[in-house]
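Geometric and topological summary
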Amino acid sequence: MEIFGISVPALAGQLLIGLFNGAFYALLSLGLAVIFGMLRIINFAHGAFYMLGAFSAYMLSAYLEASFWVSLLIVPLILAALAAVLERSMLQRLAGLDPLYGLLLTFGFALILEGGMQYVFGVAGQPYSPPASLSGASNLGFMFMPHYRAFVIVVSLIVCFGTWLLIERTKIGSILRAATENPSLSEVFGLNVPVLITATYAFGAALAGIAGIMAAPVFQVSPYMGSNLIIVVFAVVVIGGMGSIMGAIISGFALGLVEGLTKVIYSEASNVVVFVIMAIVLYFRPAGLFGKDA
Amino acid sequence: MSTLSKLTSVAFATCLATSQTVFAAEDPVKILVLDDMRGIFSGNGGPNTLLAVQMAVEDFDTSSLGTTVEVLSADHQNKADVGSSLAQRFIDEQGVDAITFGGSSAVGLAVQGRAAESKVITMTTGGYAPNFVGDQCSPYGTQWAPTTRELARGVAGTLVDQGLKDWYFITADYVFGRALSTDAADAVVDAGGGMKGETLHPLNTNDMASALLAAQASGADVVGLANAGSDTETAIKQARSFGVGDKLAALLFFSNNAQALTLDVAQGIRVSTSFYWNMNDTTTAWAERFMERNGGQVPTMGHANAYAATTHYLKSVAAAKSQDAAEVTAMMHSLPVDAGILENASIQENGRVVYDMLLAEVKAPSESTGPTDLYKILSRIDGSDFFLSAAESGCPLVN
């Protein structure tokens, strides 16, 4: 049996690969959606956080011989700490201004981080191996599925839906949403709003860090790995609806699949298909698929 | 430290200074190294090309010149406008006699055009487009780097001869990638092999899994990578987990890529190259001195070609007893190239330097004796009828 002139098993393999890339889109767009949904900051430094996540993993392994598993715990904390410092020292001063100022500040910060890493490490990719326990591949009959790729899909699903539950279904989530929706009233009720805002930003950055370390064994660990990806991720967020957490997760995975499908049918178009979909979605639903109409 | 190396050191330090610098000698021979010093091509060219040129000058007996030699350098950042205006500035203000360059071929071609107008010698040591000695050849230009055509044919033709007949190409979807895969596919077919298929991917693709999966499913004997830089590295890094790690042939690959990827990842990849650092006693001795001075970075074919080209240029200046571009170029074409770095080398009428090439395979970690032990040489490719002849090159200077 054939679809689009290729056999169904081959198509299934390509779709699984699409799901793997979707896992990264979902993780990254989730962080952006959390930050934008709560703080109204368009975080252009997100790609640089992702890159720093991968480089932190590389440096922990190269200089301290930390294992992948240890790094998976430490790297998000490093990114969260860095983001907290950035938020406290700079972004906080832009509260209440047009979101454009936040965009410019974070964009500048991304350029500084990327330039700095290029200065130290050069542009060539740094080596990083997957953990030995995940290094093999299984023959699924229709494709070789590397264990590490399957692991990434599972972890991404857990983190994404865990985050959704945390923000939409728990007490902590409702406090966060209250603090960001009406800061002055929340402060009257005794909530420490600035700390909550910093924590949210740090959490978003930690998500980028998780994506970064999971990318290190598969993709190039290089200073511009984030800027190559972030534009697509922004398109994913826009398609899902700016600030919608479930929208970011679903559109992340879905666009990964669509991109995977495009690679089979007409590979040359694979890096524009997401933007074509974005244009179509914006034409019919300007607030995105899951966004609240403005 | 000899007077000469003191002079070249001073030249280094003032390489970007715009003011006229006064040196002891009258009308010294000035060589400009114009390369990508920090960007994506700085590993196979860059600062180490400057080192190679400096070493060539130090190793040369300058008493035969009757004057001193200065080495200048500048970073063209892979931008054609920056490169050609830098070249013009160094020609006008410093009066450079020869320019060696690498990095993006688009920059190199702009520089070669500018230099030809000003009657300045150009030596393409790190530019791999065939145009340097083809449609855009210069009467004062020589190309020392092999072109994409030879690199593709070197690896493709030889592997088909060894019985690996069915090929699948993973190709970067732009002029360079398509040219590379067309050249390689021609060589495969000429040698009696066949094509199993091809996947085109956009430049700077993050995930090559889709293409690798298709290549694996095709059942091809060899997966040819018709791309460059980070795309090649991504494909190599991801290939092993899809069971095609041992089938890869990279059409444009440098020893510094192998060093950066680590042997664990890059092992088994077959490449063609004009140079490997311990291919003979001369190259080994030279490379060991080279690595002593740069912290153990293996010289690539770009660095070796810069050394060979500079040596041959200085020898030709001495023999011509002139710094005139036309006279020196004529001497470069007629003198034998015997720097010891290139094997059986000579220069064609269109400026193409012809030599024997190598087919090599990246060693497995267990076969390697140290961080610089990267390749094992599988076979040598006779250069005499391997390169395009001057008549076939399309160079308008050739009748």
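Predicted model, so just to flag it, every value in this text is computed and none were measured.

The next thing to look at is the overall build of chain A. The helix and strand inventory of chain A stands at 11 helices and 4 strands. Against the 2.2 N^0.38 benchmark of 19 Å for 294 residues, chain A shows a C-alpha radius of gyration of 19 Å, consistent with a compact globule. Its C-alpha atoms put chain A at 65 × 50 × 35 Å along the principal axes. Residue burial in chain A is summarised as follows: out of 294 residues, 50% are buried.

With that out of the way, let us pick up the interface of chain A and chain B. With 29 residues of chain A at the interface, the matching set in chain B holds 27 residues. Buried area between chain A and chain B, summed over both chains or domains, comes out near 2200 Å², and the portion from carbon and sulfur atoms is 51%. A per-residue breakdown of the area chain A buries against chain B is headed by Phe 144, Gln 220 and Glu 268 of chain A, which together make up 23% of the total. One can count 1 salt bridge joining chain A with chain B. The partner of Asp 207 of chain B in a salt bridge is Arg 149 of chain A, with the nearest N and O atoms 3.0 Å apart. At the surface where chain A touches chain B, the tally comes to 9 residue pairs in polar contact (both at pLDDT 80 or more). Elements represented by at least two residues in the side of chain A that touches chain B include exactly helix H1 (8-39), strand E4 (144-146) and helix H9 (225-240) of chain A. Ranked by residue count, the leading element in the side of chain A that touches chain B is H1 of chain A, at 5 residues.

The next point concerns the pattern of salt bridges. Residues and elements named next belong to chain B. Scanning all chains against the criterion turns up 12 salt bridges over all chains. The closest approach of N and O atoms between Asp 324 and Lys 119, which form a salt bridge, is 3.3 Å. Of this pair, Asp 324 sits in the loop between helix H12 (301-320) and helix H13 (325-334) while Lys 119 sits in the loop between helix H4 (105-117) and strand E4 (121-126), and the two are 205 residues apart along the sequence. For Lys 119, a relative accessible area of 39% gives the class partly exposed. Note that Arg 149 is salt-bridged to Glu 150, the shortest N-O span being 3.2 Å.

Grouped together as the largest cluster of nonpolar side chains are 195 residues, with contacts concentrated most on Phe 49, Tyr 50 and Met 214 of chain A together with Trp 144, Trp 286 and Tyr 313 of chain B. In terms of residue count, H1 of chain A provides more of this core than any other element does, 15 residues in total. With near-sequence residues (within four places) excluded, Phe 49 of chain A lies in contact with Asn 43, Leu 79, Leu 82, Ala 83, Leu 86, Phe 109, Tyr 201, Ala 205, Ala 208 and Gly 209 of chain A. The next biggest cluster of nonpolar side chains, apart from the first, holds 18 residues, and it includes Leu 32, Leu 34, Phe 101 and Ala 129 of chain B.

Here the focus is the pairing of strand E10 (residues 270-273) of chain B. Residue and element names in this part refer to chain B. Of the two faces of E10, the one lined by Arg 270 and Ser 272 and the one lined by Val 271 and Thr 273 are each fully buried. As defined by bridge partners, E10 adjoins strand E13 (residues 357-362) across 4 bridges and the pair is classed as antiparallel. Residue pairing across strands places Arg 270 opposite Glu 361, the latter belonging to E13.

Residues and elements named next belong to chain B. Split by domain assignment, chain B resolves into domain 1 (3-146 + 279-354) and domain 2 (149-273 + 357-381). Placing a centre on the C-alpha atoms of domain 1 and another on those of domain 2 gives a separation of 30 Å. At the junction of the two partners, domain 1 supplies 14 residues and domain 2 supplies 16 residues. Where domain 1 abuts domain 2, roughly 1200 Å² becomes buried across the two surfaces, and 67% of that area is made up of carbon and sulfur atoms. At the surface where domain 1 touches domain 2, the tally comes to 1 salt bridge. The salt bridge involving Arg 380 is made with Glu 343; its shortest N-O contact spans 2.6 Å. Inspection of the domain 1/domain 2 interface yields 5 residue pairs in polar contact (both at pLDDT 80 or more).

As a further point, take the state of the cysteines. All names here are of chain B. Scanning all chains against the criterion turns up 1 disulfide over all chains. Across the disulfide, Cys 137 is cross-linked to Cys 395 (sulfur-sulfur distance 1.9 Å). On the S-S bond that ties Cys 137 to Cys 395, the torsion sits near 75°, and the link is right-handed. With Cys 137 in the loop between E4 and strand E5 (141-143) and Cys 395 in the segment after strand E14 (375-381), this pair connects stretches of sequence that are 258 residues apart. Accessibility assignment for this pair places Cys 137 and Cys 395 in one class, buried.

All names here are of chain B. The 5 strands lie next to each other as E2-E1-E3-E4-E5, forming an open sheet whose pairing is parallel. Because the sheet does not close on itself, it has two edges, and the strands there are strand E2 (69-75) and E5. Within the sheet, the average angular offset between the axes of one strand and its neighbour, ignoring direction, is 20°. The sheet contact formed by E4 and E5 spans 3 bridges and is parallel. Along E5, the bridge assignment pairs Met 123 with Thr 142. Contacting strand E1 (29-35), E2, strand E3 (98-102) and E4, helix H2 (residues 47-59) runs over the sheet at an angle of about 175° to E2. Packed onto the sheet, H13 meets E4 and E5 and runs at close to 45° relative to E4.

Next up on the list: the packing of H1 of chain A against helix H7 (residues 209-218) of chain B. The geometry of a pair of packed helices is captured by two quantities: the angle between their axes and the separation between those axes. Running from N to C, H1 of chain A and H7 of chain B cross one another at 160°; their axes reach a closest spacing of 10 Å. In terms of their interaxial angle, H1 of chain A and H7 of chain B are classed as roughly antiparallel. Of the two elements, H1 of chain A crosses H7 of chain B, and the hand of that crossing is right-handed. Taking contact as the criterion, the partners of Gly 13, Gln 14 and Ile 17 of chain A in H1 of chain A are, on H7 of chain B, Ala 209, Ser 210, Leu 213 and Ala 214 of chain B. Tallied by class, the residues present in the contact of H1 of chain A with H7 of chain B amount to 4 nonpolar, 3 polar and no charged.

Next up on the list: the packing of aromatic side chains. This model, assessed by the stated rule, comprises 25 aromatic pairs over all chains. With centroids separated by 5.3 Å and ring planes inclined at 50°, the aromatic side chains of Phe 24 of chain A and Phe 219 of chain A adopt a geometry described as tilted. Residue Phe 24 of chain A is found in helix H1, and its partner Phe 219 of chain A is found in the loop between helix H8 (193-215) and H9; the two are separated by 195 residues along the sequence. The interplanar angle of 35° and the centroid separation of 5.8 Å between the aromatic rings of Phe 101 of chain B and Phe 132 of chain B together place this pair among those described as tilted. Here Phe 101 of chain B is found in strand E3, whereas its partner Phe 132 of chain B is found in the loop between E4 and E5, with 31 residues between them in sequence. Aromatic ring contacts, followed pair by pair, group Phe 68, Trp 69, Tyr 148 and Phe 151 of chain A into a single cluster. The aromatic ring of Phe 20 of chain A is capped on one face by Arg 149 of chain A, whose charged end is 4.3 Å from the ring centroid.

For the α-helix, the turn length of 3.6 residues means that residues three or four positions removed from each other point alike. All names here are of chain B. Inspection of H13 places Ala 325, Val 328, Thr 329 and Met 332 among the buried residues, and these make up the whole buried set. When H13 is viewed along its axis, its buried side chains cluster within an angular range of 100° and face the same direction. Those residues of H13 that are buried are in contact with E4, E5, H12 and strand E11 (346-347). Where H13 starts, the residue carrying a side-chain oxygen 3.2 Å from the main-chain nitrogen of Ala 326 turns out to be Asp 324.

Moving on, we come to the side chain of His 303 of chain B. Counting through the fold element by element, His 303 of chain B comes out in helix H12. Looking at His 303 of chain B, its side chain comes within polar contact range of the main-chain oxygen of Gly 45 of chain B, at 2.9 Å.

Parameters and conventions
Sequence order sets the numbering: in each chain, residues are counted from 1 along the sequence as written. All chains are assigned letters beginning at A, and all ligands numbers beginning at 1, according to the order in which they are written. For this predicted model, a pLDDT threshold of at least 70 governs which residues receive local features, and a threshold of 80 or more governs which side-chain atom pairs are given and counted, while totals over whole chains, interfaces and linings are taken from all residues. Side-chain calculation: all heavy atoms of the structure are included, whereas hydrogens and water are not. Every helix listed is a DSSP run of H or I at least four residues long, and every strand listed is a run of E at least two residues long, numbered separately from the N terminus. When we talk radius of gyration, it's over C-alpha atoms, and the globule rule is simply 2.2 Å times the number of residues to the 0.38. Burial here depends on accessible area, computed with a 1.4 Å probe over protein chains only, as a share of the maximum for the residue type. Under 20% is buried, over 50% is exposed, and the range in between is partly exposed. Contact between two residues is taken to exist if any of their heavy atoms lie within 4.5 Å; hydrogens are not considered. Reported buried area values correspond to the accessible surface (1.4 Å probe) lost by two parts on association, with both partners' losses combined. By salt bridge we mean one thing: a side-chain nitrogen of Lys or Arg within 4 Å of a carboxyl oxygen of Asp or Glu. In protein, a polar contact means a hydrogen-donor-capable atom and an acceptor-capable atom, both N or O and within 3.5 Å, with residues adjacent in sequence counting only if both atoms are side-chain atoms; elsewhere, any N or O pair within 3.5 Å suffices. As used in this record, nonpolar core signifies buried Ala, Val, Leu, Ile, Met, Phe, Trp, Tyr and Cys residues forming a set joined through side-chain atoms within 4.5 Å. For two strands to count as paired, DSSP must find a minimum of two bridges between them. Domain boundaries shown here were taken from an automatic or database domain assignment. Here, the term disulfide refers to a pair of cysteine sulfur atoms separated by no more than 2.5 Å. All axes are obtained by fitting lines to C-alpha atoms, using only the stretch in contact for helices, and the reported angles, taken between N-to-C directions, cover 0 to 180 degrees. Every angle not falling under 35 degrees, over 145, or within 65 to 115 is termed oblique; those three ranges are roughly parallel, roughly antiparallel and roughly perpendicular. Whether a crossing is left-handed or right-handed is set by the direction in which the near helix is turned from the far one by less than a right angle, anticlockwise for left-handed and clockwise for right-handed. Think of it as three bins: nonpolar holds Ala, Val, Leu, Ile, Met, Phe, Trp, Tyr, Cys and Pro, charged holds Asp, Glu, Lys and Arg, and polar takes everything else, Gly as well. Stacked, edge-to-face and tilted are the three classes for Phe, Tyr and Trp ring pairs, Trp counted by its six-membered ring, which pair at centre distances within 6.5 Å; planes under 30 degrees apart are stacked, over 60 edge-to-face, the rest tilted. Ring-over charges, as used throughout, are those where CZ of Arg or NZ of Lys falls within 6 Å of the ring centre and within 35 degrees of the ring normal. The arc in question is the one spanned by the directions pointing from the helix axis to the C-beta atoms.

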